[in-house]
Amino acid sequence: MGFADQRFNVNLSILFTELPLLERPAAAAAAGFTAVELWWPWVDSPVPERSELDALKRAIEDAGVRLTGLNFYAGRLPGPDRGALSVPGEESERFRANIDVAADLAASLGCTALNALYGNRVEGVDPAEQDALALENLAHAARAADRIGAILLIEALNKPESPRYPLVSAPAAVEVVDKVNEATGLGNARFLMDLYHLSMNGEDLPSVIERFTPKTGHVQIADNPGRGEPGTGSLPLEDLLDQLTKAGYDGWVGLEYKPGDRPSAEAFGWLSR
């Protein structure tokens, strides 16, 4: 077992960002990848022009890679935002407007995983009000995902880098997963297990894997400290991925790490090892 036994895709919103968006799928293919994932690429536009959607679709198809994961609109990411669906007012409305747009783009490319970032706490707003809004919006998103045969992913982030984000542990994110499944009856909400974020929170990663693999729909990795490629920090990522495999996870592993001060194409040497 080991890295060679995993199915890795590359996140084009953190790797290959030195290139224009439409050139990144081909660059990932040239680096040897057959699958990619994306944060919502249009940070200011939950409903882009059809021409923009079509151009991205063509770029992915022409590169010969598969889109395996797509985020719903999440505000300014990277940036100060961590999602929109629990933020009352305009941001929540933008998320709602994006649901079918994102789902339709995913469906057109055979993508079966949609990630919905929860959103930051808003000063002066009751957290219970935000949570009620979040559940309502997540239920809409789950139904849209179900319409295209996809799962809805709910992710825990890390508190040091996202201090106003309320889902900063695996149990907190899984609790929301369970609430969404209970609300919709669809059972298609799943946990996005990002080992970097969980390690930044100081969680016991082997315990998280043991407890929550059955509810996990996707896994992402980066080393810690530094959020670089495997081997640049101290996380035993190879061992953790082996444990995930033994626990029954057989999905894609998203590479969501920073390439450092070099072209992204040079940040995959650990794979050949």
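Look a little higher up for the structure.
Calculation notes
- Counting restarts for each chain, with residues numbered from 1 along the sequence as it is written.
- Since the coordinates come from a predicted model, pLDDT governs what is reported: local features require at least 70, and pairs of side-chain atoms require 80 or more to be given and counted, while whole-chain, interface and lining totals use all residues.
- Each side-chain value is derived from all of the structure's non-hydrogen atoms; neither hydrogens nor water enter the calculation.
- Cavity means a closed set of points on a 1 Å grid over the protein atoms alone, one where a 1.4 Å probe fits but cannot get out, pocket means an open set with protein on both sides within 12 Å along at least 5 of 7 lines, and lining means a residue has an atom within 4 Å of a point.
- Grid points are joined across faces, edges and corners, and a volume is the space filled by probe spheres set on the points.
- Labels follow the DSSP assignment, with helices taken as runs of H or I lasting at least four residues and strands as runs of E lasting at least two, numbered in each case from the N terminus.
- Nonpolar residues are Ala, Val, Leu, Ile, Met, Phe, Trp, Tyr, Cys and Pro. Charged residues are Asp, Glu, Lys and Arg, and all others, Gly as well, are polar.
- Expected span of a helix: the number of residues minus one, times 1.5 Å.
- Working definition: with a 1.4 Å probe on protein chains only, accessible area under 20% of the residue-type maximum means buried, over 50% means exposed, and in between means partly exposed.
- The criterion used for residue contact is that any of the two residues' heavy atoms lie within 4.5 Å.
- For the purposes of these results, a polar contact is taken to be a pair of N or O atoms within 3.5 Å, where, inside protein, one atom must be able to donate a hydrogen and its partner to accept one; residues adjacent in sequence count only when each atom of the pair is a side-chain atom.
- Stacked, edge-to-face and tilted are the three classes for Phe, Tyr and Trp ring pairs, Trp counted by its six-membered ring, which pair at centre distances within 6.5 Å; planes under 30 degrees apart are stacked, over 60 edge-to-face, the rest tilted.
- A ring is scored as having a charge over it whenever the NZ atom of a lysine or the CZ atom of an arginine sits within 6 Å of its centre and within 35 degrees of its normal.

Turning next to empty space enclosed by the protein. With the rule as written, the count across this model stands at two cavities of 30 Å³ or more. Volume-wise, the largest cavity comes out at about 80 Å³. Lining the largest cavity are 14 residues; nearest its centre among them are Glu37, Gly69, Leu70, Asn71 and Gln220. Residue assignment for the lining of the largest cavity shows that the elements contributing at least two residues are strand S2 (35-38), strand S3 (66-71), strand S4 (113-115) and strand S7 (216-221). Of all the elements, S3 adds the most residues to the lining of the largest cavity, at four residues. Residues of the lining of the largest cavity, tallied by class, amount to six nonpolar, seven polar and one charged.

In a regular helix each residue adds 1.5 Å, so 21 residues correspond to 30 Å; helix H4 (residues 127-147) covers 30 Å between its end C-alpha atoms and thus fits that length. Within the sequence span of H4, burial applies to Gln130, Leu133, Ala134, Asn137, Leu138, Ala139, Ala141, Ala142, Ala144 and Ala145. Buried-residue contacts for H4 involve helix H3 (90-108), S4, strand S5 (151-155) and helix H5 (170-184). Residue aspartate 126 occupies the N-cap position of H4, its side-chain oxygen lying 2.9 Å from the main-chain nitrogen of alanine 128.

This brings us to the packing of aromatic side chains. Within the structure shown, the criterion is met by ten aromatic pairs. Centroid distance phenylalanine 33 to phenylalanine 268: 4.9 Å. Interplanar angle 65 degrees. Geometry classified as edge-to-face. Placement of phenylalanine 33 in the loop between helix H1 (24-30) and S2 and of phenylalanine 268 in the loop between strand S8 (252-255) and helix H9 (269-272) is noted, with a sequence separation of 235 residues between them. Taking the relative accessible area as the measure of exposure, phenylalanine 268 reaches 9% and is therefore buried. Aromatic side chains tryptophan 40 and tryptophan 42 sit 5.1 Å apart centroid to centroid with 65 degrees between the ring planes, which places their arrangement in the edge-to-face category. Judged by relative accessible area, which is 4%, tryptophan 40 ranks as buried. Taken together, Phe3, Phe8, Phe16, Phe33, Tyr257, Phe268 and Trp270 form an aromatic cluster joined through their ring pairs. Above the plane of the ring of tryptophan 252 lies arginine 7, whose end atom (NZ or CZ) is 4.4 Å from the centre.

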